[in-house]
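What follows is the residue order along each chain.
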Amino acid sequence: EGALAVHHAAVCTLSWDTPAAWMSAASVAYTVKVLSEKRAREAEAGRAQGRLLAAASLGELDVIAELAAAATSLEATDGEGLTPLLLSVLRRQEGALALLINTGASTDARDRHGNSALHLAALSGFSSAVRRLLKADTRLCEALNANGAMPLHLASFGGHAPVVEQLLSSRAAVSAVDARGSTA
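Residues numbered from 1 in each chain as written. Predicted model: local features only at pLDDT ≥ 70, side-chain atom pairs only at ≥ 80, totals over all residues. Heavy atoms only, no water.

Undergrad: For this particular structure, what's the right way to read the overall build of the protein chain?
TA: On a plain count of helices and strands, the protein chain comes out with 9 helices and 0 strands. The N-to-C order of helical and strand elements in the protein chain reads α-α-α-α-α-α-α-α-α. Counting over 184 residues, the protein chain shows a buried share of 38%. As displayed, the protein chain offers around 10,300 Å² of accessible surface, 57% of which is attributable to carbon and sulfur atoms. (Helix = DSSP H or I, 4+ residues; strand = E, 2+ residues; numbered from the N terminus. Buried < 20%, exposed > 50% of the residue type's maximum accessible area, 1.4 Å probe, protein only. Areas by Shrake-Rupley, 256 points an atom, 1.4 Å probe, with all protein chains shown as cover.)

Given below as structure tokens:
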């Protein structure tokens with residue numbers, strides 16, 4: 001806006017009977033229009049991403065499908081660094097999780113603590129989510145969070161035997177050591 005004021009002052013000192021003055025004024029008007037349109041698009045994208053985060057958290061499949069079809073970013077994050085996929089796991093929204101995976105959401109997304117969706121599902125004992133995430137990518141069972149813990153560590157810590165069994169059947173490393181030196 002400061003540059004616009006300087007440009008405005010320069011334009012006001014020009015003689016308006018020259019083509020250069022008219023071209024300069026038209027250029028400023030065009031630039032202002034383009035910037036306004038860009039801000040409006042960015043605001044709309046932000047609103048759509050907010051709707052997607054809420055829909056994933058609440059399991060609103062029709063809203064998720066609509067926004068995914070409209071090319072809304074499936075990797076948008078909230079203030080905690082949670083993507084729609086991570087929120088669907090935290091809120092135990094299995095339908096939302098399935099739809100997000102099927103529409104291309106990254107199963108490797110991480111929260112601010114380095115937890116993937118599989119970490120969160122393992123920690124909470126959400127076995128159907130663990131099964132779905134491992135089906136999408138078995139390499140997820142090897143992922144480390146910021147504390148050096150794998151999903152197997154978290155499932156074991158939480159006492160979730162069915163999840164531990166699922167992870168072991170996906171070849172999770174039993175002897176893996178976390179940052180504190182603990183194994184699963």
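From this point on, the discussion continues.
Undergrad: Before we go on, may I ask you to explain the packing of helix 3 (residues 61-69) against helix 5 (residues 94-102) in this structure?
TA: Think of two packed helices as two axes; the pair is described by the angle between the axes and how far apart they sit. Across the interface, helix 3 lies against helix 5 with an axial gap of 10 Å and an inter-helix angle of 15 degrees. Between helix 3 and helix 5, the crossing angle belongs to the class labelled roughly parallel. Handedness of the crossing formed by helix 3 with helix 5: right-handed. When helix 3 is examined against helix 5, the residues Leu-61, Ile-64 and Ala-65 are found in contact with a partner set consisting of Gly-95, Ala-96, Leu-99 and Leu-100. A class-by-class count of the residues in the contact of helix 3 with helix 5 yields 6 nonpolar, 1 polar and no charged. (Axes fitted to C-alpha atoms, helices over the stretch in contact; angles between N-to-C directions. Parallel < 35°, antiparallel > 145°, perpendicular 65-115°, else oblique. Left-handed = near helix turned anticlockwise from the far one by under 90°. Contact = heavy atoms within 4.5 Å. Nonpolar A, V, L, I, M, F, W, Y, C, P; charged D, E, K, R; others polar.)

Undergrad: Teacher, can you tell me more about the packing of helix 6 (residues 117-124) against helix 7 (residues 127-136) here?
TA: Two numbers describe how helix 6 lies on helix 7: the axes approach to 8 Å, and their chain directions differ by 155 degrees. By the angle class used here, helix 6 and helix 7 are roughly antiparallel. Classified by chirality, the crossing of helix 7 by helix 6 is left-handed. Residues Ala-117, Leu-118, Ala-121 and Ala-122 of helix 6 pack against Ala-129, Val-130, Leu-133 and Leu-134 of helix 7. Looking at the contact of helix 6 with helix 7 residue by residue, the class counts come to 8 nonpolar, no polar and no charged.

Undergrad: How should unusual backbone geometry be read in this particular structure?
TA: Most peptide bonds take the trans form, and the phi angle of most residues other than glycine is negative. A positive phi is found at Ala-71, a non-glycine position, where the angle reads about 65 degrees. Following the sequence through the fold, Ala-71 ends up in the loop between helix 3 and helix 4 (84-90). Take Ala-71: its relative accessible area is 65%, and that puts it in the exposed class. The backbone of Arg-171 shows a phi angle near 70 degrees, a positive value even though the residue is not glycine. Taking the relative accessible area as the measure of exposure, Arg-171 reaches 73% and is therefore exposed.

Undergrad: Mind showing me how you'd approach the side chain of Asn-115 here?
TA: For Asn-115, the location among the structural elements is in the loop between helix 5 and helix 6. For Asn-115, a relative accessible area of 11% gives the class buried.

Undergrad: In this structure, what is going on with the nonpolar core? I would like to understand it.
TA: Side chains of nonpolar character tend, in soluble globular proteins, to be buried together. In terms of nonpolar packing, the biggest core is built from 37 residues, with Val-89, Leu-118, Leu-133 and Leu-167 touching the most fellow members. Apart from residues lying up to four places away in sequence, Leu-167 is in contact with Leu-118, Ala-122, Val-130, Leu-134, Cys-141, Pro-151, Leu-152, Ala-155 and Ala-172. (Core = buried A, V, L, I, M, F, W, Y, C linked by side-chain atoms within 4.5 Å.)

Undergrad: What is the right way to read the environment of Gly-95 from this model?
TA: Assignment of secondary structure puts Gly-95 in helix 5. The sequence separation of Gly-95 and Ala-56 amounts to 39 residues, and the corresponding C-alpha distance is 9.1 Å.

Undergrad: Would you explain the pattern of salt bridges in this entry?
TA: Close approach of charged atoms allows side chains of opposite charge to pair. One pass over the structure, following the stated rule, counts 5 salt bridges. Of the charged contacts in the structure, one is a salt bridge between Glu-94 and Arg-132, with a shortest N-O distance of 3.8 Å. Of the two residues, Glu-94 sits in helix 5 while Arg-132 sits in helix 7, which places them 38 residues apart along the sequence. Among the residues examined, Arg-132 registers a relative accessible area of 31% and is labelled partly exposed. Linking Arg-139 and Asp-137 is a salt bridge whose minimum nitrogen-to-oxygen distance equals 3.1 Å. Note on Arg-139: relative accessible area 59%, which makes it exposed. (Salt bridge = Lys/Arg side-chain N within 4 Å of Asp/Glu carboxyl O.)

Undergrad: Which parts of the structure should I look at to understand helix 5?
TA: An α-helix turns once every 3.6 residues. As a result, residues three or four positions apart point the same way. Burial in helix 5 covers these residues: Ala-96, Leu-97, Ala-98, Leu-100 and Ile-101. Looking one or two residues beyond helix 5, the residue adopting positive phi is Gly-104, at roughly 105 degrees.

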